Amino acid sequence: MAGKKEIFIGTVGVGGENPVVIQSMTNTPARDVPGTLNQIRRLQQAGCELVRCALPEAGDLTAFKAIVAASALPVIADIHFDHRLALAAMEAGAAGIRINPGNIGSKRKVKEILDLAAERGVALRIGVNSGSLEKSCRHADKPLVERLTTSLVDHVRFCEDHGFFNLKLSIKTTSVRDTISAYQTIDKLLPYPLHLGLTEAGPFLPGTIKSTLALGNLLLQGIGDTIRVSLTADPVQEVLVAGEILKALGLRRENLEIISCPTCARSSVDLLGKIEEFQAKTAGFKPTRPLRVAIMGCEVNGPGEAGHADLGLAFSVSLGYLFKEGKIIGKYTPEKAVDELIALIKSMEKPDALL
Ligand code: SF4
């Protein structure tokens with residue numbers, strides 16, 4: 001966010017005045033080029049802007065090169081332990097590298113990475129996390145957050161001492177409170193853009209809640225330049241959750257906002273099915289002006305409860321009522337209602353149409 005140094009991962013600006021960037025990580029096998037490219041395309045369609053791919057061993061380099069060359073998004077190589085993989089990933093065209101210097105082995109090896117990254121203009125993310133702290137920081141008596149921040153600051157100072165400043169930082173733990181505390185500390189100490197995340201957040205529901213609490217809290221404080229919601233799930237879900245966090249905080253403009261009621265005993269429609277039908281039929285459609293669309297479970301209260309929506313649908317047993325600014329303007333069978341709503345939305349895209 002504003003105030004941090006601006007860096008570029010490929011063509012994507014991070015930090016400075018740039019909006020918060022959504023990032024995810026592929027989970028296909030490193031050698032599966034078509035599968036990985038397909039997953040990257042799905043991530044991009046969901047709103048992902050940067051993608052990270054693990055490069056576990058040298059035998060995966062040919063595939064990695066092919067992925068970088070054909071990827072729909074700038075690719076960051078995720079490297080652990082072997083600095084030669086970081087060097088090879090840069091030679092293969094990686095737009096960014098993520099390392100934890102603590103597990104690279106020696107300062108000389110880290111220096112080799114810095115030298116090539118400087119030569120190629122490749123940004124480096126230094127990511128420390130509670131699961132991969134270097135030995136000297138693992139069993140100390142000091143609190144975890146203090147050990148993590150000390151480790152990260154030491155790594156950053158090493159880079160700076162070698163004239164390398166093209167940095168992005170992350171400091172992740174599995175705890176919401178520790179993660180917030182660690183990022184707050186680093187935000188005050190260092191001028192580099194921050195990549196927010198909670199490590200090993202868990203499966204979809206608990207992972208989403210923990211990530212939303214940690215990332216949302218930090219973003220509200222103006223901390224964070226890229227985010228990854230880490231879930232044990234299809235990475236597309238990570239991107240969708242990250243997008244919703246940014247939208248909920250007003251950090252992403254959403255021209256097509258869907259609101260819906262929780263339903264109650266007055267509802268006799270499969271409302272979730274109707275919402276999913278609407279989402280599927282409007283996937284990839286981006287209205288040119290902000291539009292709030294309500295899909296409500298009953299016609300008695302729906303239009304009123306959704307009075308703040310621009311337009312919407314409310315369902316009775318046998319009809320879908322199309323309404324605009326709280327007033328009913330059409331009645332259709334439930335099977336046709338969603339299509340009629342979408343037709344109205346699209347007609348409003350015409351230059352002379354007024355809301
Ligand atoms: Fe219940 Fe109707 Fe309100 Fe939905 S809109 S919560 S169905 S009263």
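Only a predicted model underlies this, so the values are computations on that prediction, with no experimental measurement involved.

Observations regarding the pairing of strand E12 (residues 291-296)
Along any regular strand the residues' side chains alternate between the sheet's two faces.
Working step 1: Of all six residues making up E12, five are buried, and the element is well covered by its neighbours.
Working step 2: Bridge count between strand E11 (residues 256-260) and E12: five bridges; the pairing is parallel. By the bridge assignment, Ser260 is partnered in E12 with Ile295.
Working step 3: You can see the chain leave E11, run along helix H10 (residues 271-281) and come back into E12, and the turn it takes is left-handed.
Working step 4: Judged from the four bridges that link them, E12 and strand E13 (residues 311-315) form a sheet pairing that is parallel. Bridging from a neighbouring strand, Ile295 pairs with Leu313 of E13.

Concerning the layout of surface pockets
Working step 1: Computed from the structure, the largest pocket encloses a volume of approximately 1200 Å³.
Working step 2: Along the walls of the largest pocket sit 30 residues, with Ala46, Glu244, Lys247, Glu254 and Leu256 positioned nearest its centre.
Working step 3: Counting only elements with at least two residues in the lining of the largest pocket, the list comes to helix H1 (33-46), helix H9 (235-248), E11 and H10.
Working step 4: Sorting elements by how many residues they give to the lining of the largest pocket places H9 first, with seven residues.
Working step 5: A per-class count over the lining of the largest pocket returns 13 nonpolar, ten polar and seven charged.
Working step 6: Shared between two domains, the lining of the largest pocket takes at least three residues from each, and those domains are domain 1 (7-248) and domain 2 (256-353).
Working step 7: Roughly 310 Å³ of volume is contained in the second largest pocket.
Working step 8: For the second largest pocket, the lining is made up of 19 residues, of which Met25, Arg52, Thr199, Arg228 and Ser230 are closest to its centre.
Working step 9: When grouped by side-chain class, the residues that make up the lining of the second largest pocket number four nonpolar, eight polar and seven charged.

Considering the pattern of salt bridges
Working step 1: As enumerated under the stated definition, the model contains 18 salt bridges in all.
Working step 2: Two residues, Lys274 and Glu277, come together in a salt bridge whose shortest N-O distance is 3.6 Å. With a gap of three residues between them, Lys274 and Glu277 both fall in helix H10, about one helical turn apart.
Working step 3: Overall, Lys274 belongs to the buried group, its relative accessible area being 13%.
Working step 4: Look at the salt bridges and you will find they share partners, linking Lys274, Glu277, Lys281 and Asp339 into a network.

Thoughts on the environment of Ala123
Working step 1: Mapped onto the secondary structure, Ala123 falls in strand E7 (residues 123-129).
Working step 2: For Ala123, a relative accessible area of 1% puts it in the buried group.
Working step 3: Separated by 117 residues in the primary sequence, Ala123 and Leu240 place their C-alpha atoms 26 Å from one another.
Working step 4: Discounting residues that sit within four places of it in the chain, Ala123 has contacts with Ile7, Phe8, Ile9, Ala95, Gly96, Ile97 and Asn166.

Comments concerning the packing of helix H8 (residues 204-220) against H9
Working step 1: Look at H8 against H9: their axes get within 10 Å of each other, and the N-to-C directions meet at 35°. For the pair H8 and H9, the sense of crossing is right-handed. In this structure, H8 contributes Phe204, Thr208, Ser211, Thr212, Gly216 and Leu219 to the contact, and H9 contributes Gln237, Val241, Ile245 and Leu246.
Working step 2: When the residues that make up the contact of H8 with H9 are grouped by side-chain class, the tally is five nonpolar, five polar and no charged.

Comments concerning the domain arrangement of the chain
Working step 1: Each assigned domain of the chain is listed with its residue range as follows: domain 1 (7-248) and domain 2 (256-353).
Working step 2: Averaged C-alpha coordinates put domain 1 and domain 2 at centres separated by 39 Å.

Section: the site of the ligand
Working step 1: For the ligand, the full set of nearby residues is Cys261, Thr263, Cys264, Arg266, Ser267, Met296, Gly297, Cys298, Asn301, Gly302 and Glu305.
Working step 2: Among the residues making up the shell around the ligand, the classes are represented as four nonpolar, five polar and two charged.

Notes on the nonpolar core
Working step 1: The biggest cluster of nonpolar side chains holds 73 residues, and the ones touching the most others in it are Phe64, Ile79, Ile97, Leu167, Leu169 and Leu196.
Working step 2: Take this core: its biggest share by element is seven residues, from helix H6 (residues 144-161).
Working step 3: The residues touching Ile79, leaving out its near neighbours within four places in the chain, are Leu55, Leu85, Ala86, Ala89, Ile97, Arg98, Ile99 and Asn100.
Working step 4: Counting 27 residues, the second largest nonpolar core, distinct from the first, contains Cys261, Ile275, Ala306 and Phe315.

Criteria and cut-off values
Residues numbered from 1 in each chain as written. Predicted model: local features only at pLDDT ≥ 70, side-chain atom pairs only at ≥ 80, totals over all residues. Heavy atoms only, no water. Buried < 20%, exposed > 50% of the residue type's maximum accessible area, 1.4 Å probe, protein only. Helix = DSSP H or I, 4+ residues; strand = E, 2+ residues; numbered from the N terminus. Pairing = 2+ DSSP bridges. Right-handed = clockwise from strand over helix to strand, strands pointing away. 1 Å grid on protein atoms, 1.4 Å probe; cavity = no way out; pocket = protein on both sides within 12 Å on 5 of 7 lines; lining within 4 Å. Points joined across faces, edges and corners; volume = space filled by probe spheres on them. Nonpolar A, V, L, I, M, F, W, Y, C, P; charged D, E, K, R; others polar. Domains from an automatic or database assignment. Salt bridge = Lys/Arg side-chain N within 4 Å of Asp/Glu carboxyl O. Contact = heavy atoms within 4.5 Å. Axes fitted to C-alpha atoms, helices over the stretch in contact; angles between N-to-C directions. Left-handed = near helix turned anticlockwise from the far one by under 90°. Near = heavy atom within 4 Å. Core = buried A, V, L, I, M, F, W, Y, C linked by side-chain atoms within 4.5 Å.

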